[in-house]
Amino acid sequence: MTGASPTLLLSILLDIVTLADGRRFEGTVLSDDGSTLVLRRRHDEFHMDRRNVAKVEKAPLSWEEYAAKAAALKPDTAAGEHAALAKWCRERKLIDEARAQWEAVLAKAPENAEARAALNWRKVDGKWVRDLALWAADWVKADASLGSPPVAPPDELERRSKHRADAGDWLRASGEQRQAELLAQLTQCVMQGDAAARHEAAAALKASGVPLAALEVLAHRLDFSDPAAAPDSIEFAWNEAGDRAPCFLALPDRRRFPGPRPVLVSMHVTSGPARNRRDRFAVLARESGWIIAAPHSEPNFGKGWGSTEAERRVTLAALDAVLRRCPADPDRAFINGSSMGGNGAWEIAMLHPDRWAGAAPWISGARVRTMPFLANLRGLPLQARVGALEDGLMLEATREAAAFLREGLGSPAALEEEPDWGHMDKDETWIAAFAEWAAPIRRNVYSPAIVQRFVTVAQSRHHWLAAETLRGPAPVDPTRGDIPVSATGTEAERRREYVKKGRDGTALLTGRVAGQKISIEARKVGRLTVWFSDNLVDLDRDVIVEINGKRAFSGKIERRFEDFIDEIAASGDAGRIYVARKSFEVK
């Protein structure tokens with residue numbers, strides 16, 4: 001293969017920015033004030049924290065170099081030379097160009113296994129078929145827990161509907177004044193910081209004769225906020241040490257938009273403060289009654305939103321603070337972010353899917369190191385938006401992740417690619433599209449089938465199931481990106497190996513509800529908790545709990561006012577409505 005001439009290469013030398021973690025970005029440095037470096041890339045501008053830049057040097061731009069290399073190819077160029085150029089492109093994140101070269105390989109050598117694997121072809125019964133990515137197809141076929149969720153029979157659905165209807169009838173018969181009194185009592189009870197005082201108040205509610213089912217209905221109207229307050233920012237503690245972080249708010253007009261309102265937690269980019277994120281979405285507060293919450297994280301390129309447990313805690317603590325201080329609907333809370341914040345939105349949604357009604361990450365992607373957690377997102381509505389001219393490796397991984405969720409798991413996942421667009425938000429259309437997509441979505445805390453892979457107990461909760469303790473060897477943490485894989489084989493095979501080792505090495509909880517039986521699989525878990533509701537099983541009848549194929553419980557589960565109150569008080573999440581809980585040792 002003939003390369004480009006030295007004269008051509010010298011004419012296209014521009015800036016290569018290398019970060020402290022070894023990543024490289026190509027473009028033209030537009031400005032560098034010692035604090036922020038602005039790089040004009042192929043399709044966008046990128047702002048970098050100067051503290052994270054290791055060096056800036058001159059080198060040929062890879063896409064220009066590729067153009068010269070491709071132009072030098074002849075019609076009779078051997079398949080091997082196209083394959084070598086495809087690998088060269090891949091190393092430089094020129095994904096579309098790499099695909100073009102692999103297609104050229106197949107045009108000359110249709111049975112080339114390396115090209116087939118790179119383009120997601122698999123041989124089935126002697127025929128080549130286009131499939132999910134290698135790691136995704138293998139996962140779907142190997143993991144029985146990813147099967148279709150159980151469907152409740154019509155008589156069970158009718159029972160649940162009647163349970164809710166009877167509670168509503170009781171409330172209507174009690175009158176508006178009595179409902180207001182009960183709501184005030186319930187609010188005061190939940191807000192008690194002392195568990196003993198909370199339980200005493202719960203006992204008083206029970207003694208008053210109010211059905212617990214009626215309080216379940218009222219709980220959806222809980223509002224812990226001060227009606228006279230309209231702060232544009234709040235501070236909240238995000239860890240046990242009491243460290244505090246700010247969250248910038250845009251609140252709707254309560255007279256125009258009464259009642260609990262939908263919430264958007266949006267995480268800022270590396271180079272932009274949180275208040276900019278709040279201001280960007282403020283139109284939703286003014287015109288559609290949304291609560292906009294933009295928590296602040298110190299920009300930490302490569303270790304920002306979602307990449308460390310501390311950053312995840314900041315986001316979840318911000319949501320808890322909003323639920324306690326604003327007229328927020330916990331069943332309509334969405335997570336969003338762009339660039340660094342979008343990467344965090346992907347990762348936090350994977351590790352804590354039960355807190356969100358949906359996820360809307362922008363100009364970001366599902367990275368290979370997070371893919372072992374992707375199945376946690378099954379059932380969670382996802383609307384990802386990227387520019388079609390984005391970073392090639394990130395775009396490829398995100399396409400694979402969306403296909404796995406949508407086609408492999410039947411999940412409501414959509415990836416919207418903006419034509420001729422790079423690493424920038426497109427506010428004028430994306431915000432309106434987000435609001436339209438999110439409007440009908442409500443969180444379902446009573447999913448009959450859940451899958452949760454996790455590393456720590458704090459990540460284990462998924463609606464009605466959580467680990468209390470772990471046991472055995474410590475779970476593998478794929479998000480660290482350091483799981484060793486074979487140095488041989490194709491890239492598709494190495495990616496499959498990483499995802500498989502990651503998902504096999506984490507702790508795991510799965511749960512399925514079929515009739516009156518709850519079947520749980522627990523791996524690396526010592527003790528677990530199950531929360532119960534009449535929206536999952538009929539608590540007037542015996543309930544069976546099986547753990548790892550062995551019966552752990554059979555009998556009646558008592559509805560308890562205290563469990564109902566404690567669950568809401570724990571986080572201010574009035575959508576987590578369960579009337580009993582029970583812990584089990586995993587044997």
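Keep in mind the model is a prediction, meaning the values are calculated, not measured.

Asks: Mind laying out the nonpolar core, listing which residues take part and the relevant values?
Replies: Grouped together as the largest cluster of nonpolar side chains are 61 residues, with contacts concentrated most on Trp-135, Trp-346, Trp-356, Leu-374 and Phe-404. In terms of residue count, helix α12 (residues 309–325) provides more of this core than any other element does, 8 residues in total. Those residues in contact with Trp-356 that sit more than four places away from it in its chain are Val-265, Thr-315, Leu-316, Leu-319, Ala-333, Phe-334, Ile-335, Ile-348, Ala-349, Leu-380 and Arg-443.

Asks: Break down the pattern of salt bridges for me, citing the residues and quoting the values.
Replies: All told, the structure shown has 49 salt bridges when counted by the stated rule. Residue Arg-160 is joined to Glu-156 by a salt bridge in which the shortest nitrogen-to-oxygen separation is 2.8 Å. Placement of both Arg-160 and Glu-156 in helix α7 (residues 154–174) is noted, with a separation of 4 residues, approximately one turn of the helix. Take Arg-160 and Glu-156: they sit in the same class, and that class is buried. Between Arg-480 and Asp-482 there is a salt bridge; the shortest N-O distance is 3.2 Å. Given the relative accessible area of 44%, Asp-482 is considered partly exposed.

Asks: Outline the packing of aromatic side chains, supporting the account with residue identities and numerical values.
Replies: If you walk through the whole model with that rule in mind, you get 13 aromatic pairs. With 5.3 Å between their ring centres and 55° between their planes, Trp-290 and Phe-434 make a pair best called tilted. Placement of Trp-290 in the loop between α11 (274–288) and β11 (291–295) and of Phe-434 in helix α15 (residues 427–438) is noted, with a sequence separation of 144 residues between them. Each of the two residues, Trp-290 as well as Phe-434, counts as buried. Ring centres of Trp-362 and Trp-430 lie 5.4 Å apart, and the angle between their planes is 75°; this geometry places the pair in the edge-to-face category. Placement of the pair is Trp-362 in strand β13 (residues 358–362) and Trp-430 in helix α15, with a sequence separation of 68 residues. A single burial state applies to Trp-362 and to Trp-430, both of which are buried. The rings of Trp-290, Phe-334, Phe-434 and Trp-437 are connected pair by pair, giving a single aromatic cluster. Its end group placed over the ring of Trp-121, Arg-116 keeps NZ or CZ at 4.9 Å from the ring centre.

Asks: Quick rundown of the sheet that holds strand β12 (residues 328–338)? Include the residues and the values.
Replies: Strands in a sheet are paired, the pairing made by backbone hydrogen bonds, and the direction either parallel or antiparallel. Strand order in the open sheet made by the 8 strands is β8-β9-β11-β10-β12-β13-β14-β15, with mixed pairing throughout. Of all strands in the sheet, those with a lone pairing partner are β8 (233–237) and β15 (413–418), marking the two edges. Averaged over all adjacent pairs, the angle separating strand axes in this sheet is 20°, with direction ignored. Judged from the 3 bridges that link them, strand β10 (residues 261–267) and β11 form a sheet pairing that is parallel. For Leu-264, the partnering residue across the bridge sits in β11 and is Ile-292. Contacts from helix α13 (residues 340–351) reach β10, β12, β13 and β14 (382–387) within the one sheet, and its direction differs from that of β12 by about 135°. Across the sheet, helix α14 (residues 392–408) lies against β14 and β15, angled at about 150° from β15, the strand it touches most.

Asks: Kindly report on the sheet that holds strand β16 (residues 449–454), identifying the contributing residues and their values.
Replies: Spatial strand order, β16-β18-β19-β21-β22: 5 strands in an open sheet with mixed pairing. In the strand order of this sheet, the two ends are held by β16 and β22 (550–555), each with one partner. Looking at each pair of strands side by side, their axes are set apart by 15° on average, direction ignored. One ladder, built from 6 bridges, connects β16 with strand β18 (residues 507–514); its direction is antiparallel. Among the inter-strand pairings, Gln-452 is bridged to a residue of β18, identified as Leu-509.

Asks: Requested: an account of helix α6 (residues 134–142), with residues and values cited.
Replies: For α6, the complete set of buried residues consists of Leu-134, Trp-135, Ala-136, Ala-137 and Trp-139. On the buried face of α6, the contacting elements are β6 (121–124), α14, β16 and α16 (491–505).

Rules of the game
- Residues numbered from 1 in each chain as written.
- Predicted model: local features only at pLDDT ≥ 70, side-chain atom pairs only at ≥ 80, totals over all residues.
- Heavy atoms only, no water.
- Core = buried A, V, L, I, M, F, W, Y, C linked by side-chain atoms within 4.5 Å.
- Buried < 20%, exposed > 50% of the residue type's maximum accessible area, 1.4 Å probe, protein only.
- Helix = DSSP H or I, 4+ residues; strand = E, 2+ residues; numbered from the N terminus.
- Contact = heavy atoms within 4.5 Å.
- Salt bridge = Lys/Arg side-chain N within 4 Å of Asp/Glu carboxyl O.
- Phe/Tyr/Trp six-rings, centres within 6.5 Å; stacked < 30°, edge-to-face > 60°.
- Lys NZ or Arg CZ within 6 Å of the ring centre and 35° of its normal.
- Pairing = 2+ DSSP bridges.
- Axes fitted to C-alpha atoms, helices over the stretch in contact; angles between N-to-C directions.

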